[in-house]
Structures are given as C-alpha cells and as structure tokens.
Amino acid sequence: MKYDLITILGPTACGKTSFAAQLAFCLNAEIISADSRQIYRKMDIGTGKDLADYDINGKHIPYHLIDIADPGYKYNLFEYQRDFLFAYNDIKSRNVVPILCGGTGLYLESVLKGYKMMPVPQNDELRTRLEGKSLEELTQILSTYKTLHNTTDVDTAKRAIRAIEIQEYYKVHPQEFVDFPEIDSLIIGLDIERDLRRERISQRLRVRLKEGMVEEVQNILNSGVSPDDMIYYGLEYKYLTNYILGNLTYEQMVSELEIAIHQFAKRQMTWFRGMERRGFKIHWIDSQLPMEEKVNMVVNML
C-alpha cells in the first residue's frame, strides 16, 4: 500500500464504524479508534461503540484504543498520541494495514499533523482560582491565548479549566518537542446530507434510550464515579447525569440532548472543513452509497 494509514472520518451518525469495519474486512486490516469517549469502559451505549459491527461473516475485526480506561479518568491528548503510536507500530510491525476511524477532530489531527505534545500536570492553585467561574467566563479567558488547545469540545467548565491549565503550562514551559513520525494517510470523509444527519441523530438517540442508556449512566454513578466526572464527558453523559440528579425532567433531557448532539455534529463538520483549509486532502464519499461501492472506491484509491 502506498499510504502508511487509512483514515475514516465524518460527523456522528454517518456510519463510520460499520464502513471502517467492512473496509478492514476487505483489506485484512485493523482499526484504531479516534473517539475521545470510546476509550472508556462501561460507557458503551452513550458513546455508540457498536461493537457488533466489528464481527463480519464470522470474522472479528481487531480494534484498538476502545475500552482502555475507567470512567472518571481524565484521559488526555498526550496519552492518545502515545497509545496511538503503540498500536500503530504494533500493527505495522505485523505488515497489517492500520485504519484510523473516528470523529474527534483533535485526536485525528494530532496524529495526521504530528502534534508535538507533552504531558501537562494538574495545577491545583490555578484550578482553585478558576473554580466558580461560569463556562462563558472560562471560554472568554481561554480565547485570550494565541493558540487554543481545543475550541470544539469545551462544553463544560471542567473541560475549559483543563484547557486553560494546558495553555498556562505551555506559556511557562517552553514546549519540549516529542518526536512523532510523519504519517502519509489516505483520508476518507463520509459525507451525509444535513437533514438526513439530523434525522439519524434523533432516531439513534431514541433507540439508545430504549437500549438502556439511562441505566448505563446510573450504573456508572452507582459504581462510585462522581456526577461531576460524568458531566465532564459532555453530551449524553452530561444530560443523563443531570436527569438522574433531578436537575432536568426526562422530556427536558431528551430535548436538550438532541439539540446538543446536532450542534456537536455541526462543530465536527466545521473542524473537518478547517482541516481541509489547513492542507489536508479529504476524499469525501456519499455515506448513502451501497457499502460495496464505498469499499471499492477506497480500494481503487489505494
């Protein structure tokens, strides 16, 4: 293969997982996840792991960076790069094709662009100083930095504080560059028409609620993970936790969560368009094409 890697990206509900798995089946490849929440164990329904998609015609498609951390843990970008490289090098050492698949733009770009990151320790003094500030105030503080760590997924005060913490650390400590290999990737984007995407998101939300998403969050809370830690993960876990705590009615939770997921999908597409402006060539494929046709299109590009 003339590429080091195949990357499959797209907004939530576009069918990335099933497509990547079918492509992996065809190429005898393995999948590396680029989803910032699927790394957590027990967070299955809310993150849409769809693990059944990895079993095709009696064959299991190996996947990496799913179910590698416990709920409550604050996994970060530095750790993702480290874990990605470990999985990537392992797969390549066995002469197998790696497929990177996910919708977390920051994770994807950190690999494709080779961000040079370093671990950032917790700053208790800074956290105490920022405690009590609203998300709007924190976002304003974050916007004063020249280079924002991440602006697409800072939807809770805790995430915003962590982003400020990272920026403060980089200001005080000249960045110690960490070697990251240049990776030549074929980048495939699954394109889904906006109204269809919205319809799929709404339908999928209701299916996941029926599958026990509320119970999933309740069980994690019962295991000892704090509500604040669950809210930190945003989207489903933020709204479901607030519902369980009695801060939202069921109807409010469903309505507000649905709006939030639509907004998240829009932000994802904004990030991907930004990647194109930053020089990444994304080959967009209509997500509604038959699976075999989509797979053949990618095979022909290889």
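Refer to the preceding data block for the structure.
Attention here is on the structure that accompanies the text. (Residues numbered from 1 in each chain as written. Predicted model: local features only at pLDDT ≥ 70, side-chain atom pairs only at ≥ 80, totals over all residues. Heavy atoms only, no water.)

Let's talk about the pairing of strand S1 (residues 5-9)
Cut-off, in case you're wondering: Relative accessibility decides the category of a residue: with a 1.4 Å probe and only protein chains considered, values under 20% of the type maximum give buried, values over 50% give exposed, and everything between is partly exposed. Counting from the N terminus, the helices are DSSP H or I runs at least four residues long and the strands are E runs at least two residues long. The pairing criterion is simple: DSSP has to find at least two bridges between the two strands.
Here S1 lies mainly inside the structure; five of its five residues are buried. Note: S1 against strand S7 (residues 185-191), five bridges, orientation parallel. In the strand pairing of S7, Ile-8 is matched with Ile-188. Where S1 meets strand S6 (residues 98-102), four bridges bridge the pair, whose relative direction is parallel. Along S6, the bridge assignment pairs Leu-9 with Gly-102.

Structural notes on the packing of aromatic side chains
Here is the rule: Two rings from Phe, Tyr or Trp (for Trp, the six-membered ring) form a pair when their centres are within 6.5 Å of each other. A pair whose planes differ by under 30 degrees is stacked, one over 60 is edge-to-face, and the rest are tilted.
This structure, assessed with the given rule, holds seven aromatic pairs. Taking 4.7 Å as the distance between ring centres and 50 degrees as the angle between the ring planes, the aromatic pair formed by Tyr-54 and Tyr-63 counts as tilted. Judged by its relative accessible area of 4%, Tyr-54 falls in the buried class. With centroids separated by 5.6 Å and ring planes inclined at 75 degrees, the aromatic side chains of Tyr-232 and Tyr-233 adopt a geometry described as edge-to-face. Using a relative accessible area of 3% as the deciding quantity, one classes Tyr-233 as buried. Here the aromatic residues Tyr-80, Phe-84, Tyr-88 and Tyr-107 are joined through ring pairs into a cluster of three or more.

So, the packing of helix H7 (residues 194-210) against helix H11 (residues 250-277)
The following threshold applies: Angles run from 0 to 180 degrees between N-to-C directions of axes, and those axes are lines fitted to C-alpha atoms, restricted for helices to the stretch in contact. Here roughly perpendicular refers to angles of 65 to 115 degrees, roughly parallel to angles under 35, roughly antiparallel to angles over 145, and oblique to all remaining angles. By convention, the crossing between two helices is left-handed when the near helix turns anticlockwise from the far helix through less than a right angle, and right-handed when the turn is clockwise. Residue contacts follow a heavy-atom distance rule, with two residues in contact if any of their heavy atoms lie within 4.5 Å. Gly counts as polar in this scheme, as do all residues outside two lists: the nonpolar Ala, Val, Leu, Ile, Met, Phe, Trp, Tyr, Cys and Pro, and the charged Asp, Glu, Lys and Arg.
Closest axis-to-axis distance for the H7/H11 pair is 10 Å, and the angle between their directions is 135 degrees. Comparing their axes, H11 and H7 come out oblique. The handedness of the crossing between H7 and H11 comes out as right-handed. Contact with H7, carried on its side by Arg-197, Arg-198, Ile-201, Ser-202, Leu-205, Arg-206 and Leu-209, involves Tyr-250, Met-253, Val-254, Leu-257, Glu-258, Ile-261, His-262, Ala-265, Lys-266 and Met-269 of H11 and no other residues of that element. Split into classes, the residues belonging to the contact of H7 with H11 amount to ten nonpolar, two polar and five charged.

Examining the nonpolar core
For clarity, the cut-off: Nine residue types can take part in a nonpolar core, namely buried Ala, Val, Leu, Ile, Met, Phe, Trp, Tyr and Cys, and a core is a set of them joined through side-chain atoms within 4.5 Å.
Of all hydrophobic cores here, the largest spans 59 residues; its most connected members are Ile-32, Tyr-80, Phe-84, Leu-100 and Met-253. At the level of secondary structure, the elements contributing two or more residues to this core comprise S1, helix H2 (77-93), helix H3 (105-112), H7, helix H8 (213-222), helix H9 (227-232), helix H10 (235-244) and H11. Contact partners of Tyr-80, with chain neighbours within four places excluded, come to Ile-32, Ser-33, Ala-34, Leu-65, Tyr-75, Leu-100, Tyr-107, Ser-110 and Val-111. Core analysis: the next-biggest nonpolar cluster, separate from the first, contains 25 residues, Ile-31, Tyr-54, Ile-56 and Ile-61 among them.

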